[in-house]
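Here is what each chain is made of, one letter per residue.
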Amino acid sequence: MATAPGKKPVHDERLTDISWLHRAMRRPELGAVGGLIVVILFFAATASATMFSVAGIMTVLRPAAELGIMSVTAALLMIGGEFDLSIGSMVAFAGLIFGVLLVNLHLPMILAVLGTLIMAGLFGALNGQLVIRTKLPSFIVTLAFLFILRGLSLVGLKLATGGNTILSGVAPAGKPGFADHLFSGDTLTGLFSWLTAHGMIATLPNGKPSVHGVPISVVWFVTITALATWVLLRTRFGNWIFASGGDANAARNSGVPVNRVKTILFVCTALSAALVAIITSLDTASTDALRGLQMEFEAIIAAVIGGCLLTGGYGSAIGAFFGALIFGTVEIGLTYTNFDSDWFQVFLGAMLLIAVMFNNAVRRRVTGER
Amino acid sequence: MSDLPLIEVRDLRKQFGHVIALAGVSLRVHAGEVLCLLGDNGAGKSTLIKTLSGVHKPTEGEFLAEGKSVAFASPRDALDAGIATVYQDLAMIPLMSITRNFFMGREPAKGVWPFKRVDFRSCDDIVHDEMRRIGIDVRDPTQAVGTLSGGERQCVAIARAVYFGAKVLILDEPTSALGVAQTSMVLKYINQVRAKGLGVIFITHNVRHAYAVGDRFTVLNRGRTIADAAKREIGIDELQTLMAGGKELQEVSAELAGMV
Ligand SMILES: Nc1ncnc2c1ncn2[C@@H]1O[C@H](COP(=O)(O)OP(=O)(O)O)[C@@H](O)[C@H]1O
Ligand SMILES: [Mg+2]
């Protein structure tokens with residue numbers, strides 16, 4: 001029965017017998033993938049065909065990406081056992097800071113970006129430390145910051161503009177540099193003009209291509225999802241995230257630095273909100289006090305649709321990715337149909353309910369609890 | 001059995017404010033020996049092992065590990081000194097896979113920062129191998145710990161401690177929540193661990209479980225050592241009597257008879 005000690009472990013042939021289907025059924029993102037397929041089929045049947053043109057797909061991807069950047073980090077935090085309800089307000093507040101640094105203080109793009117990210121990171125760390133030290137639920141602590149940051153954004157914007165709640169002119173001064181291309185505009189523009197030249201992308205009546213490239217937010221969205229997935233599934237820190245959310249005490253007893261893990265995750269959610277603030281401010285050349293309104297809930301819902309348990313310790317980043325895609329598809333897709341686009345809210349609530357019930361069933365199967 | 005004990009405590013005291021949880025306890029564990037720590041609820045067993053494993057600091061008394069005086073600041077220190085504890089609540093996370101639990105906090109990383117990664121595939125193989133070695137066939141180490149039986153979970157927790165090089169294994173009531181078959185699985189494993197040359201401190205209030213695997217028995221009562229004997233010096237009835245707080249078993253059954 002016993003193998004000689006020190007002998008290299010042998011791969012048991014029965015391990016490979018477990019079918020990929022069985023494994024796939026156990027993946028947390030299963031529901032979100034299924035949901036996305038259903039949603040796409042629905043719009044394929046009801047929406048006008050332009051929704052599925054290259055231009056149509058880009059209009060879906062842009063809001064999906066902006067939400068998705070935040071839902072992926074929100075998913076990591078949820079797996080780590082905490083919530084951050086302040087990220088929606090952080091989009092407005094970080095937008096204000098970014099705008100003031102760029103417009104009022106005339107800082108170069110790279111410094112304005114750095115300053116905004118540092119400020120957001122500090123607030124994230126503050127959230128984390130407050131949750132850890134007070135031992136209050138993060139739900140309450142970050143709910144406080146939902147109001148504090150929204151209020152600060154309003155007050156700050158009025159101070160910065162002399163009474164307005166919109167700050168405009170948020171654009172790079174002079175010729176755009178490297179930093180500008182990282183946070184604004186489109187990528188793959190060469191490919192898109194080639195596609196247009198070969199008739200694969202429709203042109204506008206004036207002969208210009210209907211879409212210039214992939215919005216930069218989409219590139220960030222995909223990159224962050226890939227990075228988060230790698231960290232979660234292939235690194236020590238990833239295992240610590242699962243452990244911290246699964247049972248913080250058990251994790252501590254095993255030597256996991258739970259407090260550090262949670263603080264870092266709060267910093268990540270705040271940073272992702274700041275990134276969205278920077279991208280959207282440059283996209284619209286302005287920022288206002290209502291930016292990111294309710295995005296904290298949408299991000300959490302996308303994470304839940306993606307398979308995250310509300311109780312922590314289980315979920316996936318790819319799931320949140322698909323969750324955000326479902327959001328974008330439905331939100332924009334409705335405008336391509338004859339339905340009233342206010343159905344979106346109804347859909348959102350229904351989706352959340354279904355996802356939570358589905359997740360509970362999945363959890364019971366995973367843990368064998370009855 | 002070597003002569004230098006792996007762990008020795010002399011006249012250990014622990015007070016929580018006014019509560020005297022340990023009022024002078026002494027014990028020794030040698031390599032290749034199972035020391036059973038017996039005692040009724042509230043006798044101070046958990047407090048004693050939490051002191052040994054670095055969770056509490058002793059108020060007074062000597063604590064030697066392999067002959068050297070030690071003072072642990074945290075459970076991590078005790079782990080580093082080779083003292084591993086499997087707590088009553090197991091320190092296992094039901095939603096995480098067996099492999100991820102097994103390596104939790106001690107994941108082997110390779111590569112250079114920031115590309116350091118954990119090869120969970122080979123970790124799966126290690127876990128599968130380690131579990132098969134103790135006679136538990138884990139079909140799929142990526143399955144959640146929650147799907148294992150209580151006895152299997154205890155064995156995973158013990159195997160983890162052994163794998164990471166524990167010299168002394170402290171088990172806090174590992175059989176208290178288990179059925180007969182599961183208990184025998186765990187007791188068999190304790191036997192194997194002893195055969196590997198580890199010292200084991202086995203806490204229980206079931207005298208029969210203790211007598212099945214123990215080499216020495218230390219009985220605690222109200223924070224004090226009231227008996228310390230090798231297996232050949234003491235019988236199972238005598239242990240049972242000591243456990244019942246010094247009353248003869250006949251007296252206890254007489255009392256019980258009076259109640260019905
Ligand atoms: N952290 C603590 N603070 C105060 N009293 C404690 C603490 N831990 C244990 N005690 C007390 O010490 C005594 C021994 O408890 P414990 O070691 O848990 O006993 P056992 O594990 O043998 O049942 C009990 O009277 C208990 O109330
Ligand atoms: Mg106890």
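Residues numbered from 1 in each chain as written. Chains lettered and ligands numbered in written order. Predicted model: local features only at pLDDT ≥ 70, side-chain atom pairs only at ≥ 80, totals over all residues. Heavy atoms only, no water.

(A) Local environment of the sheet that holds strand S9 (residues 168-172) of chain B. Residue and element names in this part refer to chain B. Taken in spatial order, the six strands make up an open sheet running S6-S9-S10-S3-S11-S12, and their pairing is mixed. Unpaired on one side and paired on the other, strand S6 (83-86) and strand S12 (224-230) mark the two borders of the sheet. Strand-to-strand twist in this sheet, taken as the mean axis angle between neighbours without regard to direction, amounts to 15°. As defined by bridge partners, S9 adjoins strand S10 (residues 199-204) across five bridges and the pair is classed as parallel. What sits directly across from Asp 172, in S10, is Ile 203. In the packing of helix H6 (residues 180-195) onto the sheet, the strands contacted are strand S3 (34-39), S9 and S10, and the crossing angle to S10 comes to about 155°. (Pairing = 2+ DSSP bridges. Helix = DSSP H or I, 4+ residues; strand = E, 2+ residues; numbered from the N terminus. Axes fitted to C-alpha atoms, helices over the stretch in contact; angles between N-to-C directions. Contact = heavy atoms within 4.5 Å.)

(B) A look at unusual backbone geometry. A cis amide bond links Trp113(B) to the next residue, Pro114(B), at an omega of 0°. Structurally, the position occupied by Pro114(B) is in the loop between strand S7 (109-110) and strand S8 (117-118). Of note in this structure, Gln294(A) is not a glycine but carries a positive phi near 65°. Mapped onto the elements, Gln294(A) comes out in the loop between strand S4 (286-288) and helix H14 (295-305). Gln294(A) sits in the partly exposed class, given a relative accessible area of 45%. For Arg222(B), which is not glycine, the phi dihedral falls at a positive 45°. With respect to the secondary-structure elements, Arg222(B) resides in the loop between strand S11 (216-221) and S12. (Buried < 20%, exposed > 50% of the residue type's maximum accessible area, 1.4 Å probe, protein only.)

(C) Molecular detail of the packing of helix H3 (residues 30-46) of chain A against helix H15 (residues 317-333) of chain A. Residues and elements named next belong to chain A. In the contact formed by H3 and H15, the axes pass within 9 Å of each other and the chain directions differ by 20°. If you check the angle between H3 and H15, you find them roughly parallel. Remark: the crossing between H3 and H15 carries left-handed chirality. Between H3, through Ala 32, Val 33, Gly 35, Leu 36, Val 39 and Phe 43, and H15, the contact on the second element is made entirely by Gly 319, Phe 322, Gly 323, Leu 325, Ile 326, Thr 329, Val 330 and Gly 333. (Parallel < 35°, antiparallel > 145°, perpendicular 65-115°, else oblique. Left-handed = near helix turned anticlockwise from the far one by under 90°.)

(D) Region of the structure containing the UniProt feature "transmembrane region" (unreviewed entry) in chain A. All names here are of chain A. Here the UniProt feature "transmembrane region" (unreviewed entry) sits at residues 30-54, 85-103, 109-127, 139-161, 213-233, 264-285, 297-323 and 343-362. Note that residues 109-127 is 100% helix and 0% strand, and that its end C-alpha atoms are spaced 27 Å apart. In this annotation, residues 139-161 is assigned 100% helix and 0% strand; the end-to-end C-alpha distance for the span is 33 Å. (UniProt positions renumbered as here; feature names shortened; annotations may be inferred.)

(E) Expanded view of the interface of chain B and chain A. The interface of chain B with chain A comprises 39 residues on the first partner and 41 residues on the second. Taken over both partners, the interface formed by chain B and chain A buries close to 3,300 Å², and the fraction arising from carbon and sulfur atoms is 54%. The interface formed by chain B and chain A includes one salt bridge. The partner of Arg236(A) in a salt bridge is Glu107(B), and the shortest N-O contact between them spans 3.4 Å. Between chain B and chain A we count seven residue pairs in polar contact (both at pLDDT 80 or more) in total. Of all the secondary-structure elements, those providing two or more residues to the side of chain B that touches chain A are S8 and helix H4 (120-133) of chain B. Tallying contributions element by element places H4(B) first for the side of chain B that touches chain A, with seven residues. A class-by-class count of the residues in the side of chain B that touches chain A yields 17 nonpolar, eight polar and 14 charged. (Buried area = accessible area lost by both parts, 1.4 Å probe. Salt bridge = Lys/Arg side-chain N within 4 Å of Asp/Glu carboxyl O. Polar contact = N/O pair within 3.5 Å; in protein donor to acceptor, adjacent residues only side chain to side chain. Nonpolar A, V, L, I, M, F, W, Y, C, P; charged D, E, K, R; others polar.)

(F) View of the site of ligand 1. Residues and elements named next belong to chain B. Around ligand 1, the surrounding shell consists of Phe 16, Ala 21, Asp 40, Asn 41, Gly 42, Ala 43, Gly 44, Lys 45, Ser 46 and Thr 47. Backbone polar atom of Gly 42 to an oxygen atom of ligand 1: 2.7 Å apart, as the coordinates give it. Within the side chain of Thr 47, one N or O atom sits 2.5 Å away from an oxygen atom of ligand 1. Coverage of ligand 1 by the protein amounts to 59% of the 570 Å² it exposes when considered alone. Grouping the amino acids of the shell around ligand 1 by side-chain chemistry returns three nonpolar, five polar and two charged. (Near = heavy atom within 4 Å. Areas by Shrake-Rupley, 256 points an atom, 1.4 Å probe, with all protein chains shown as cover.)

(G) Focus on the confidence of the model for chain B. For chain B, the average pLDDT comes to 87, and 92% of its residues sit at 70 or higher. If you check the scores for this complex, the pTM reads 0.87 and the ipTM reads 0.86. (pLDDT = per-residue confidence, 0-100.)

(H) Broad picture of the packing of aromatic side chains. For the structure on display, the rule yields 17 aromatic pairs over all chains. Between the aromatic rings of Phe123(A) and Phe145(A), the centroid separation amounts to 6.2 Å while the plane-to-plane angle is 75°, which identifies the pairing as edge-to-face. With Phe123(A) in helix H6 (residues 109-134) and Phe145(A) in helix H7 (residues 138-161), this residue pair connects regions lying 22 residues apart in the sequence. Each member of the pair Phe123(A) and Phe145(A) is classed as buried. Of note, Lys231(B) hangs over the ring of Tyr211(B), and the distance from its end group to the ring centre comes to 5.0 Å. (Phe/Tyr/Trp six-rings, centres within 6.5 Å; stacked < 30°, edge-to-face > 60°. Lys NZ or Arg CZ within 6 Å of the ring centre and 35° of its normal.)

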